[in-house]
Amino acid sequence: MRPTGKLHLGNYMGALANWVKLQDQYECYFFIADLHALTTDYADTSGVAPNTLEVALDFLAAGLDPKKCTIFVQSHVKPHFELPMYLGMITPLGWLERVPSYKEMQENLANKDLTTFGFLGYPVLMASDILLYQADFVPVGQDQQAHVELTREIARRFNQFYPRAKSKNVGDILRASQVHPLYVLPEPKVLLTPSPKLPGTDGRKMSKSYGNTILMTDPEPVLRQKLKTMVTDPARIRRTDPGDPDKCPVGDLHKVFSTPETIANVYEGCRTAGIGCIQCKGWAADALVQLLEPIQKRRANFSDAQVKEILEDGSNRARDRAEQTMVEVRSAMQMSMSSR
Ligand code: ADP
């Protein structure tokens, strides 16, 4: 997650809520991608450090548990600078220019100059983020599949150029066979996670860049106010007009957050004009308040000092793991004097 602001309900439902489940099933690494924030926010970096703390707090509030998973800051783990340099050497320019989000984001963020080396290369940074942990799976939604596919291609190319160096050290051989006997960088698979595209208050996809978000930290009055101004089924103009929850962003929120009973009441009430939009929005707000209350309570339990300690500890653990991979990478590339 990039530290470009506090997290919103889209981030929570699209990624974070699922991560909380995954931490019980897998050995997981979750990080705050401050280097990725720089790919678009390089001109004003003042928000990156404070937002890193906020995002970490949002992680912890959602229920990520540093005893079960590793939570760290990307730039605190120096291998995240080293591997992209090596992978950048072998990644053809055409592969990067073909990434769908490359042109899309340049068009969407027209107020920022994204014709930079860093922005073009961000998929290499992403590939490194994954490959440093010799990850088996990357939990992403459909929109991120192209990035994982590119990561697999980069790994494949690396492995062709630089097969695992033959080692005389029994410990190295044992470890290698646990990962892969031939390849230093195993190709990660997508762990496709259902991520409902949550609409924002203006009906478009909820996104920081659209200013239409409901934050995980929004207090109840703010949340209710945001819901009040949320757009609804455009065909339902008067209170007496029947509406269609399937054409209404508030209806979409109900489908994600409300109980089956409430959803049934929404369909019945809206389609018969039995309820008005204000009442329907009130029910949606109720569901959100119920969801966010325990999350906000948990958030309040952490001091900044505690969060920093958790991030430092996580970054140390991540560094140890990433450094193991780098030893193998340098050795396979014959860039390490000591392994010759
Ligand atoms: P933003 O568009 O607010 O900058 P990001 O692009 O940084 O959000 O997204 C971070 C994560 O949150 C990604 O995994 C993305 O799929 C998920 N996400 C963001 N917005 C939504 C949304 N509206 N609905 C579902 N998932 C979302």
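Residues numbered from 1 in each chain as written. Predicted model: local features only at pLDDT ≥ 70, side-chain atom pairs only at ≥ 80, totals over all residues. Heavy atoms only, no water.

*Asks:* So what exactly am I meant to see when it comes to the packing of helix H1 (residues 9–22) against helix H3 (residues 48–62) here?
*Replies:* Each pair of packed helices can be summarised by the angle the axes make with each other and by the distance between the axes. The contact between H1 and H3 brings their axes to 9 Å, and the two run at 60°. Between H1 and H3, the angle is such that the two are oblique. Seen along the crossing, H1 lies across H3 with a hand that is right-handed. Contact residues: H1 offers Tyr 12, Leu 16, Trp 19 and Val 20, while H3 offers Asp 58, Phe 59 and Ala 62. Residue classes in the contact of H1 with H3 are distributed as 6 nonpolar, no polar and 1 charged. (Axes fitted to C-alpha atoms, helices over the stretch in contact; angles between N-to-C directions. Helix = DSSP H or I, 4+ residues; strand = E, 2+ residues; numbered from the N terminus. Parallel < 35°, antiparallel > 145°, perpendicular 65-115°, else oblique. Left-handed = near helix turned anticlockwise from the far one by under 90°. Contact = heavy atoms within 4.5 Å. Nonpolar A, V, L, I, M, F, W, Y, C, P; charged D, E, K, R; others polar.)

*Asks:* Would you explain the nonpolar core in this entry?
*Replies:* Among soluble globular proteins, nonpolar side chains are generally buried collectively. Membership of the largest hydrophobic core comes to 49 residues, with the highest contact counts inside it found for Leu 16, Phe 59 and Leu 64. Looking at this core, the elements with two or more residues in it are H1, strand S1 (29–32), H3, strand S2 (70–73), helix H11 (220–228), helix H12 (249–257), helix H14 (277–300) and helix H15 (304–332). Ranked by residues supplied to this core, first place goes to H1 with 9 residues. Both domain 1 (9–197 + 303–333) and domain 2 (218–299) contribute no fewer than three residues apiece to this core. Residue contacts for Leu 64: discarding those within four places in its chain leaves Leu 16, Trp 19, Val 20, Gln 23, Phe 30, Phe 59, Cys 69 and Ile 71. In terms of nonpolar packing, the next biggest core, distinct from the first, is built from 36 residues, Phe 72, Tyr 102, Tyr 133 and Tyr 162 among them. (Core = buried A, V, L, I, M, F, W, Y, C linked by side-chain atoms within 4.5 Å. Buried < 20%, exposed > 50% of the residue type's maximum accessible area, 1.4 Å probe, protein only. Domains from an automatic or database assignment.)

*Asks:* Just checking my understanding: could you explain the packing of aromatic side chains for this structure?
*Replies:* The description of an aromatic ring pair uses the distance of the two centres, along with the angle that the planes make with each other. This model, assessed by the stated rule, comprises 10 aromatic pairs. Arranged with centres 5.8 Å apart and planes meeting at 45°, the rings of Phe 161 and Tyr 162 form a pair that is tilted. With relative accessibility at 46%, the residue Phe 161 sits in the partly exposed group. On the basis of relative accessibility, which here comes to 18%, the residue Tyr 162 falls in the buried class. Three or more aromatic residues link up through ring pairs in this structure, and these residues are Tyr 29, Phe 31, Phe 72 and Tyr 133. (Phe/Tyr/Trp six-rings, centres within 6.5 Å; stacked < 30°, edge-to-face > 60°.)

*Asks:* Explanation requested: the site of the ligand in the structure shown.
*Replies:* Around the ligand, the structure places 14 residues, and the nearest of them are His 8, Leu 198, Met 206, Ser 207 and Lys 208. The contact in question runs from a nitrogen atom of the ligand to an N or O atom on the backbone of Leu 198, over 2.9 Å. Met 206 is positioned with one of its backbone polar atoms (N or O) 2.9 Å from a nitrogen atom of the ligand. In isolation the ligand offers 540 Å² of accessible surface; the protein chains occlude 82% of this area. Considered class by class, the residues forming the shell around the ligand number 5 nonpolar, 5 polar and 4 charged. (Near = heavy atom within 4 Å. Polar contact = N/O pair within 3.5 Å; in protein donor to acceptor, adjacent residues only side chain to side chain. Areas by Shrake-Rupley, 256 points an atom, 1.4 Å probe, with all protein chains shown as cover.)

*Asks:* Explanation requested: H12 in the structure shown.
*Replies:* In an α-helix, one turn spans 3.6 residues, which is why side chains three or four residues apart end up on the same side. All of the buried residues along H12 are Pro 249, Val 250, Gly 251, Leu 253, His 254 and Phe 257. Buried positions along H12 lie against H1, H11, helix H13 (260–271) and H14.

*Asks:* Looking at this structure, I do not really get the domain arrangement of the chain. What am I missing?
*Replies:* Much of the literature gives interface size as the accessible area that the parts lose upon coming together. What the domain assignment lists for the chain is domain 1 (9–197 + 303–333) and domain 2 (218–299). Using C-alpha coordinates to define each centre, domain 1 is positioned 36 Å away from domain 2. With 11 residues of domain 1 in contact, the opposing surface of domain 2 contributes 8 residues. Both sides of the domain 1 and domain 2 interface together cover about 810 Å² of buried area, and 68% of this is carbon and sulfur. Linking domain 1 with domain 2 are 2 salt bridges, by the criterion used here. Between Arg 299 and Glu 54 there is a salt bridge, with the nearest N and O atoms lying 2.9 Å from each other. Viewed at the interface, domain 2 and domain 1 are joined by 4 residue pairs in polar contact (both at pLDDT 80 or more). Those elements that provide at least two residues to the side of domain 1 that touches domain 2 are H1 and H3. The biggest single contributor to the side of domain 1 that touches domain 2 is H3, with 6 residues. Across the side of domain 1 that touches domain 2, the residue classes break down as 8 nonpolar, 1 polar and 2 charged. (Buried area = accessible area lost by both parts, 1.4 Å probe. Salt bridge = Lys/Arg side-chain N within 4 Å of Asp/Glu carboxyl O.)

*Asks:* Whenever I open this one, H1 confuses me. Can you help?
*Replies:* Given a rise of 1.5 Å per residue, 14 residues ought to cover 20 Å, and the 19 Å separating the end C-alpha atoms of H1 matches this to within 8%. Of all the bends found along H1, the most pronounced is centred on Ala 15 and spans about 40°. Of all 14 residues in H1, 12 are buried; the element is thus mostly enclosed. Of the residues making up H1, those classed as buried are Leu 9, Gly 10, Asn 11, Tyr 12, Met 13, Ala 15, Leu 16, Ala 17, Asn 18, Trp 19, Val 20 and Leu 22. On its buried side, H1 packs onto S1, H3, strand S3 (137–140), strand S4 (189–192), H12 and H14. (Expected span 1.5 Å × (residues − 1). Bend = angle between axes of the 7 residues up to and from the residue.)

*Asks:* Would you explain the pattern of salt bridges in this entry?
*Replies:* Enumeration according to the criterion identifies 22 salt bridges in this entry. Note that Arg 204 and Asp 202 form a salt bridge whose closest N and O atoms lie 3.0 Å from each other. On the accessibility criterion, Arg 204 (42% relative accessible area) is partly exposed. Judged by relative accessible area, which is 30%, Asp 202 ranks as partly exposed. Here Asp 244 ties to Arg 271 by a salt bridge, and the two come within 3.7 Å at their closest N and O atoms.

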